[in-house]
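Take a look at the letters that make up each chain.
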Amino acid sequence: MKILVSNDDGYRAPGIRALHAALSTLGDVTLVAPDRNRSGASNSLTLDVPLRVFEATEPNVYFVQGTPTDCVHLAVSGYFDFEHDMVVSGVNDGPNLGDDVLYSGTVAAAIEGRFLGLPAIAVSLCTSPGSGRHFDTGAEVARRLVARLLAQRLDRPLILNVNVPDLPWGQIRGFRSTRLGSRHPSERIIPARDPHGRAVYWVGPAGPQQDAGPGTDFEAVSEGYVSVTPLQIDLTRHTALPAMKTWLEGIND
Ligand code: MN
């Protein structure tokens, strides 16, 4: 089996290195990842400049001056003369819970795999300032999920958003299927001055959890469980369609 590994923290990040090592026990791993941290890149493609792919000193490791989506797109759309069977993204340094999935480059890399009909898994470690950064735990979670997928296929298209408590493997209580919770609006922007005295602004941190209730990803990780959320791409609010039809009646008269 050929597994494509990517992330949004950059190809040298400890999380992707742990993931690479863990999945190498299950198949042939190709690593294609951004040359630097591109967290928050979401599903962006680079269209204004060409993309360059560089080979790292290790075999089958490539880095790209581009986004996570660029990386997976290149890898599955013609850069290699073979096909991959699966895309696994991570292990991200930080959670991707609830609304985070809309901004996440980690999740975007997995989503780009889905467009190509491949099963895709995004794995994030719920680190916080000063926490242990147990990337090996996240990598072991990924290894178990991929092994399970090999033994027991799921219907495609398949995107799993996986969040792992930042704990030693022995302290993980188990796996839970979850729905996305939600966050409050993000913190306010942070004004600062550049060295020339001009005003600049930093985007503030994500907001605190809002819907962290029963069945959510927030709840699972807070209780020490691995959260596994199946995602879909269709953002249509199907239940609102009848009211929308009524609301639009006569607007063109
Ligand atoms: Mn990241």
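The paragraphs below set out a description of the structure included in this document. Starting afresh in each chain, residues are numbered from 1 along the sequence in its written order. In view of the model being predicted, local features appear only for residues whose pLDDT reaches at least 70, and side-chain atom pairs are presented and counted only at 80 or more, with totals across whole chains, interfaces and linings using the full set of residues. Hydrogens and water are ignored here; the side-chain numbers use all heavy atoms of the structure.

## Topic: the sheet that holds strand E8 (residues 174-177)
Picture the strands of a sheet paired through backbone hydrogen bonds; they go either parallel or antiparallel. Ordered by their spatial adjacency, nine strands build an open sheet running E3-E4-E2-E1-E5-E6-E7-E13-E8, and the pairing between neighbours is mixed. Two strands bound the open sheet, and with one partner strand each, they are strand E3 (53-55) and E8. Strand-to-strand, the axes of this sheet are offset by a mean angle of 25°, without reference to chain direction. When DSSP locates at least two bridges between a pair of strands, those strands are taken to pair. Secondary structure is summarised from DSSP: a helix means a run of H or I of at least four residues, a strand means a run of E of at least two, and numbering begins at the N terminus for each. Two strands pair when backbone bridges link them, and strand E5 (residues 86-93) and strand E6 (residues 120-126) are joined in this way by five bridges, in the parallel orientation. Note on E6: the bridge partner recorded for Ser-89 is Ala-122. A contact between two residues is defined here by any heavy atoms of the two lying within 4.5 Å. Each axis is a line fitted through C-alpha atoms, and for a helix only the stretch in contact is used; angles between axes span 0 to 180 degrees, taken between their N-to-C directions. With respect to the sheet, helix H2 (residues 68-79) is in contact with strand E1 (2-6), strand E2 (28-34), E3, strand E4 (61-64) and E5, its orientation differing from that of E1 by roughly 155°.

## A few points about unusual backbone geometry
The step from Gly-90 to Val-91 runs through a cis peptide bond, and the omega angle for that step is -10°. If you check the backbone angles, Ser-42 has positive phi at about 50° while not being a glycine. Inspection of the secondary structure puts Ser-42 in the loop between E2 and E3. In this structure, Arg-133 takes a positive phi of about 55° despite not being glycine. Checked against the element boundaries, Arg-133 lands in the loop between E6 and helix H4 (135-151). Only protein chains enter the calculation, and the probe is 1.4 Å; a residue is then buried if its accessible area is under 20% of its type maximum, exposed if over 50%, and partly exposed in between. What makes Arg-133 partly exposed here is its relative accessible area of 35%.

Honestly, that's just the spatial picture; any functional story needs more than this.
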